[in-house]
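Coordinate analysis (summary)
Listed here are the chains, written in short residue letters.
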Amino acid sequence: MKGYIYVVLASLLGGIGFVFSTIVIRNINIPSAAFFMFATGLIVSTLMLIITKKVGETKDLIKIYWKPILAIGILNAVSLFLWLNSLKLIGPSLTAFLSRFGTIFTIIMGVVFLKEKFNKIEIVGAAVMIAGAFILSYNGGHFIVVGVILVSILSLTFSAWQLLTKIYIKRINILVMNHLRLMFTFVMIASYVLLTRDLEIPTPNIMALIVVSSLAGGVIGFILSYKALEITDLSKVSVISSLDPFVVMIYSAIILGGIPTGYQFFGGIVIVAGTLILVMARYKPKFVERFIE
């Protein structure tokens, strides 16, 4: 039950991140939004390390794992830019639905790199998700098609850094892992902003939204997700997390007044249904095992 509570809270906080970030990028450019989001997250994460007395452990782990964590930072920075561009192009609701494609890429990477097996039910689930994407983008115009492509690439990069995190999370404390992720990602973003000289200073109101968005999704939500994985089966966490797009859609409707069209909503439901099929097939509940046999 505690694990379920962690997942639900992470979902509610992540939805805030989607909607507030959409408001932010309507007022300042994307590099500036990324810069201040990760600067905020890094400051809070540093304070948490000081409070929990893990600064020394963090310094030691940087020396040992700097290569994979650097890779996580690069992938995370790329994912963030793609995510913010997608929010700006097609909005938070459609981005949240299409982000479920990360499930397909996570399973494919598990098969390729972790030698996991791929079964026929998962192929059905993937086909349902792809059909959902076609329905969602039907008659949506150029922007929706570009958005589908953009979020597909986002899902690939996001799955890649999740795979690396999955490999090293057992060796590195959650707070330390999150801090190193934030630190290396911030270095990538800050380097880009300095090279392009494309930094805009947000107004106090927008800065407040950046702080809330960063804390909700980038720090607290991340920690709650991994706390859930520590004490709850991954299959159960994945099933509950599949409902995240509906949380984002409700927030978006209330705060932004944005409601998907009939095609888009139906396509989103099909994508979530495909995600659930994939999750159930991957972790093989008894009825799926009997069907496969």
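Where nonpolar side chains cluster on the molecular surface, the patch consists of Met1, Tyr4, Ile5, Val8, Leu9 and Leu12 and spans about 550 Å² of accessible area. Within the fold, Val8 resides in helix α1 (residues 2-25). Classification of Val8 as partly exposed rests on a relative accessible area of 40%.

Ranked by internal contacts, the top residues of the largest apolar core, which has 70 residues, are Val24, Leu84, Leu98 and Ile189. Tallying contributions element by element places helix α3 (residues 55-90) first for this core, with twelve residues. Once you skip the residues sitting within four places of it in the chain, Leu98 turns out to touch Ile90, Ala133, Leu136, Gly147, Val148, Val151, Ser155 and Ile271.

Here the focus is the side chain of Thr40. Locating Thr40 in the fold gives a position in helix α2 (residues 30-51). On the basis of relative accessible area, Thr40 is assigned to the buried category, the value being 10%. When residues no more than four places from it in sequence are discounted, the contact partners of Thr40 are Met207, Ile210, Val211 and Ser214.

On to the packing of aromatic side chains. Tallied over the entire structure, the rule returns six aromatic pairs. For the ring pair Phe97 and Phe246, a centre distance of 5.4 Å and an interplane angle of 85° mean the geometry is edge-to-face. A residue pair is termed long-range when its members are at least 10 positions apart, and Phe97 in helix α4 (residues 92-98) and Phe246 in helix α11 (residues 244-255) qualify at 149 residues. Looking at Phe97, the relative accessible area reads 0%, which means it is buried. Between Phe246 and Phe265, the aromatic rings sit 6.5 Å apart at their centres with planes inclined by 80°, giving edge-to-face as the arrangement. With a gap of 19 residues between them, Phe246 in helix α11 and Phe265 in helix α12 (residues 262-283) connect regions that are remote in the sequence. Among the residues examined, Phe246 registers a relative accessible area of 22% and is labelled partly exposed.

What follows covers the layout of surface pockets. If you roll a probe as big as a water molecule over the atoms, it shows you where there is empty space left. Of the pockets and cavities examined, the second largest pocket occupies roughly 230 Å³. Residue lining of the second largest pocket: 17 residues in total, with Arg26, Leu87, Ile90, Gly91 and Pro92 positioned closest to the centre. Those elements that provide at least two residues to the lining of the second largest pocket are α1, α3 and α4. Class assignment for the residues of the lining of the second largest pocket results in nine nonpolar, six polar and two charged.

What counts, and where the lines are drawn
- Residue indices follow the written sequence of each chain, beginning from 1 at its first position.
- Restriction of local features to residues with pLDDT of at least 70 applies here, the model being predicted, together with a cutoff of 80 or more for giving and counting side-chain atom pairs; totals for whole chains, interfaces and linings are based on all residues.
- Computation of side-chain values: all heavy atoms of the structure, hydrogens and water removed.
- Patch criteria: residues need more than 30% relative accessible area and no salt bridge. Like-charged residues are merged within 9 Å; nonpolar side chains of Val, Leu, Ile, Met, Phe, Trp and Tyr are merged within 5 Å.
- Surface exposure here means Shrake-Rupley accessible area, sampled with a 1.4 Å probe, where a residue is shielded only by the protein chains that are shown.
- In what follows, salt bridge is the name for a side-chain nitrogen of Lys or Arg lying within 4 Å of a carboxyl oxygen of Asp or Glu.
- For helices the rule is a DSSP run of H or I covering at least 4 residues; for strands it is a run of E covering at least 2, with both sets numbered from the N terminus onward.
- Burial classes follow relative accessibility: with a 1.4 Å probe on protein chains only, a residue under 20% of its type's maximum area counts as buried, one over 50% as exposed, and anything between as partly exposed.
- Side-chain atoms within 4.5 Å link the members of a nonpolar core, which is a set of buried Ala, Val, Leu, Ile, Met, Phe, Trp, Tyr and Cys residues.
- Should any heavy atoms of two residues lie within 4.5 Å, those residues are counted as being in contact.
- What counts as a ring pair is set by centres within 6.5 Å for rings of Phe, Tyr and Trp (its six-membered ring), and what kind of pair is set by the plane angle: stacked under 30 degrees, edge-to-face over 60, tilted for all other angles.
- Residues are said to line a cavity or pocket when one of their atoms sits within 4 Å of a point; the points come from a 1 Å grid over protein atoms alone, cavities being sets where a 1.4 Å probe fits but cannot get out and pockets being open sets with protein on both sides within 12 Å along at least five of seven lines.
- Grid points are joined across faces, edges and corners, and a volume is the space filled by probe spheres set on the points.
- Residues are sorted three ways: Asp, Glu, Lys and Arg are charged, Ala, Val, Leu, Ile, Met, Phe, Trp, Tyr, Cys and Pro are nonpolar, and all the rest, Gly among them, are polar.

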